[in-house]
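Coordinate inspection notes
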Amino acid sequence: MGSMNPSIPSKRNSLNALLDQAQTLSSNSIRDEIVSQIHQTGSTVCQDTVRYTDENKMMRSEKLDRILTSKVWGFPIMLALLGIVFWITIAGANVPSAMLADFFGWIEGYLTLAFHALHAPDWLHGVLVLGLYRGLSWVVSVMLPPMAIFFPVFALLENFGYLPRVAFNMDRLFKGAGGHGKQSLTMAMGFGCNAAAIMSTRIIESPRERMMAILTNNFVPCNGRWPTLILLSSLFMATGFAGGAQTLVTASVVMGMVLLGIVVTLAVSWALSKTALKGVPTHYTLELPPYRRPKLWDTILRASIDKSLFVLKRAVIIAAPAGVITWILANIDVGNLSVLEHVVAFLDPFAKALGMDGFILMAFILGLPANEIVLPILLMGYLSTGAMLEVDNLNELKQIFLDHGWTWLTALNMMLFSLLHYPCGTTLVNIYKETKSAKWTFLSFLIPTVIAIGVTFATTQIAHAMGWV
Amino acid sequence: MSQSSIIPLTEGLPGQRIRIHHMTLEGTMRRRLLDLGFVPGSEVKVLQRSPLGDPVAFRVIHTTIALRKEESSQIFGEIIGGEYHESTH
Amino acid sequence: MNPRTNPKHSQKNPFRIALAGNPNTGKSTLFNALTGLRQHTGNWPGKTVIHAEGSYQYDGDAYTVIDLPGTYSLYSNSADEEVARDCIIFEKPDVTVVVLDATAMERNMNLALQVLEMADRVVLCINLMDEAKKKGIYINEKSLSKKLGVPVVKTSARNRDGLDRLQKVIQEMAYGRTKTNPYRIRYSDELEEKISALEESVTSTFGDRLPARWVALRLLDGDQSLIDSLHQRIELHRKEVHNHGVDESLYPVEA
Ligand SMILES: Nc1nc2c(ncn2[C@@H]2O[C@H](COP(=O)(O)OP(=O)(O)O)[C@@H](O)[C@H]2O)c(=O)[nH]1
Ligand SMILES: [Mg+2]
């Protein structure tokens, strides 16, 4: 090597010589001298070129912080804002969801007519319309409206500058759990998408605390799980309430789920910091930038369009084939039961112990690639069995669940399982990419799964023992 | 106000202004704090504690930076003025 | 450095523009405004964790914009600061735009001065001018430009104010038509002596491929992560030479 190219070793040697020389010249005081010299220069330059005419206006954010992060109001305001965001989402999404479902049902009628007119075989109609088309229209009508409302509202808060204040308020809790103060920022990203949030954990420099943030991010419900939480709580948890009260109760239940997710995050972080991820919290600083008034329509349009496209894309890529597969499985018979029914019957005993049924568990398993498709798969599973009733009305939805023996406990368990279970496939892939470790990726699958099973099992047993169901 | 006594930032009360004297932190964190403006000779204002008591927000060269007590207890300075105010009102 | 052969810069050989700056100064907003892409923006430090590239056309030329993660400094040795530093020093963008927050000039100046120490083709972009106006802050950009020896442009990226002028200034600099005289901080005599002593050795090792004064300063500062980067690049280069049998120049190495 050396003979072939003599210049490289010499470069390496001269670099080493250079480093030696630097070391002998260097001293500790040099570091501080450099920084303070830069600072002095900076402040002299600014003194001559920047003029502050109104100290009062400089203090606006500070005044607002005295309320938004105060001892008395900090937490109540945080909870209230969270509640308001959910309330707006749920109240706003009802009507457009129903309209979209109607619209897709109306189109489906024509599609069916067209298939008949063309003398298309029944199985083709089944695969394309009852499987694919329905799968898609479910995803779109149930998921799009809440997402198109939630994300713009969230983006407004984000652009206003509220997120760092949440991190500031919550820091003590994360420190107590042995985590990093910026873990709450990565959790906020998780509301949008856990897979993206895994990347955002890069803001945490300490590997130990970053791993903690990665392993627990899944306990924040992402856009694929909101619809499940919202739909089930509005159908089952807010019965007996009407109108505004119903929305309020639904929002409270969803918020309760989010708070539970936060509690679990803190608990798991704490447990990890005492076991697999031992260590002391590292240093960090948190900047609280000045509040800035967001550009209202710009932010709203951008957030809702970006998210809508995101949901649609995932729907097409994942929900469509999943819809087809579900339909096929439901229509290929082995013995006198379909393949789907065999699977469901196999899963049923275990699922029952968790207060759910075989269909639900199967939907979660098939939903591994993306949480968005859990609900559509479940519905298609249910629909494929009994008489094929037309669900072009969201009110008929509850009937399907009731027909399959659902109670409020089933709904609660499905919500808990959705909140706590393993991360979706994309998230797992990202976790592997970021940690480069099969072990940690597997743990990030295992920990939530065990917790989800444990919690639903306990809930079910307690509810039965107390005779609540 | 106490006469030129050097206290850690942790002992500063909301509203007080403190001139930084020295830091006992080392390494990356020392550098980071210097970069943010916690430089000997510069002025810091204690803004307020977070609802659970820690961290505390400080005003330094026109920006707001929150520090946990692990760090702020290693930054020392002298109180140069400012009115103490209860942070909750 | 970087002699460009063809005058017009096509899609294949675009000018490279890096956006550096403190967190939350509007780099991604500016990036989006220039390229029409949708990088995540939001009012909290630390959103941009992934190095993003986009492109735009201006006056018949193609430009590639690099949205760097926000950093308070290039000297603290954290991972994102290394990314930003290595980009500026090793990849040598045609223009480095330092985006500053008009409402916190003093803090932002810290990073700007660091960049001025390591590169010649620098534009200072004072963003968030609308916020500064609201707060009664006035900035004399002419005087600033004269003091620091590089062009200064005021913008309000969210409202697309000042973008035209920024693009024009970038173009002028990319073509090498702007004479800059970046402000270099003068340290104590003792330190300056050491810098000069080391500068010679740096030049003999790296030629003019790296800014000698800056490298000398960083080595005196004991910047371990820079030392690692230098070692890495020599190794990388060794492998390349081994594979291809060419030894043109040690730097820049495409990262
Ligand atoms: N008022 C105002 N806000 C801006 C401007 N540029 C960016 N912002 C906002 O400042 C915040 C930070 O911007 P971002 O581009 O994410 O900063 P980055 O961290 O430097 O990439 C966002 O909420 C932007 O909407 C501007 O020129 N004026
Ligand atoms: Mg950014």
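See the structure above.
An account of the accompanying structure is given in this report. (Residues numbered from 1 in each chain as written. Chains lettered and ligands numbered in written order. Predicted model: local features only at pLDDT ≥ 70, side-chain atom pairs only at ≥ 80, totals over all residues. Heavy atoms only, no water.)

Turning to the packing of helix H5 (residues 74–117) of chain A against helix H6 (residues 122–160) of chain A, a few remarks are in order. All names here are of chain A. At a minimum axis separation of 8 Å, H5 and H6 run at an interaxial angle of 155°. As summarised for this structure, H5 and H6 are arranged roughly antiparallel, according to the angle between their axes. When you trace H5 past H6, the crossing you get is right-handed. Grouping the amino acids of the contact of H5 with H6 by side-chain chemistry returns 25 nonpolar, 7 polar and 2 charged. (Axes fitted to C-alpha atoms, helices over the stretch in contact; angles between N-to-C directions. Helix = DSSP H or I, 4+ residues; strand = E, 2+ residues; numbered from the N terminus. Parallel < 35°, antiparallel > 145°, perpendicular 65-115°, else oblique. Left-handed = near helix turned anticlockwise from the far one by under 90°. Nonpolar A, V, L, I, M, F, W, Y, C, P; charged D, E, K, R; others polar.)

So, about the interface of chain B and chain C. Chain B puts 9 residues into the contact, and the matching count from chain C is 14 residues. Of the roughly 990 Å² buried where chain B meets chain C, counting both sides, 49% is carbon and sulfur surface. Viewed at the interface, chain C and chain B are joined by 2 salt bridges. Viewed at the interface, chain C and chain B are joined by 4 residue pairs in polar contact (both at pLDDT 80 or more). Put simply, the parts of the chain that give the side of chain B that touches chain C at least two residues each are helix H1 (27–36) and strand E5 (63–67) of chain B. Top element by residues in the side of chain B that touches chain C is H1(B). It accounts for 5 residues. Classifying every residue of the side of chain B that touches chain C gives 3 nonpolar, 3 polar and 3 charged. (Contact = heavy atoms within 4.5 Å. Buried area = accessible area lost by both parts, 1.4 Å probe. Salt bridge = Lys/Arg side-chain N within 4 Å of Asp/Glu carboxyl O. Polar contact = N/O pair within 3.5 Å; in protein donor to acceptor, adjacent residues only side chain to side chain.)

A few words on the site of ligand 1. Close contacts around ligand 1 come from 21 residues, with Asn159(A), Arg292(A), Lys27(C), Thr29(C) and Asp130(C) the closest. Neighbouring residues of ligand 1 are not confined to one chain but are distributed across chains A and C. A distance of 3.0 Å is found between an oxygen atom of ligand 1 and a backbone nitrogen or oxygen belonging to Gly26(C). Separating a nitrogen atom of ligand 1 from a side-chain N or O atom of Asn127(C) is a distance of 3.3 Å. Within the complex, 98% of the 580 Å² of free accessible area of ligand 1 lies under protein. In terms of residues, the shell around ligand 1 owes the most to one element, helix H1 (residues 27–35) of chain C, which gives 3 residues. (Near = heavy atom within 4 Å. Areas by Shrake-Rupley, 256 points an atom, 1.4 Å probe, with all protein chains shown as cover.)

With that out of the way, let us pick up the interface of chain A and chain C. With 60 residues of chain A at the interface, the matching set in chain C holds 71 residues. For the pair chain A and chain C, the two sides together bury roughly 6200 Å², of which 60% comes from carbon and sulfur. There are 4 salt bridges connecting chain A and chain C. Residue Glu287(A) pairs with Arg107(C) through a salt bridge whose shortest N-O separation is 3.1 Å. Where chain A packs against chain C, one counts 15 residue pairs in polar contact (both at pLDDT 80 or more). Examining the composition of the side of chain A that touches chain C, we find that 14 residues originate from one element, helix H2 (residues 28–49) of chain A, more than from any other. For strand E1 (residues 50–52) of chain A and strand E6 (residues 137–139) of chain C, the ladder comprises 3 bridges, and the chain directions are antiparallel. Each bridged residue has a counterpart across the sheet, and for Tyr52(A) the counterpart in E6(C) is Ile137(C). (Pairing = 2+ DSSP bridges.)

Our focus in this paragraph is the environment of Gln246(A). All names here are of chain A. Checked against the element boundaries, Gln246 lands in helix H12 (residues 243–274). For the pair Gln246 and Leu235, spaced 11 residues apart in sequence, the C-alpha to C-alpha distance is 9.7 Å. When neighbours within four sequence positions are excluded, Gln246 is seen to be in contact with Ser234, Ala238 and Phe241.

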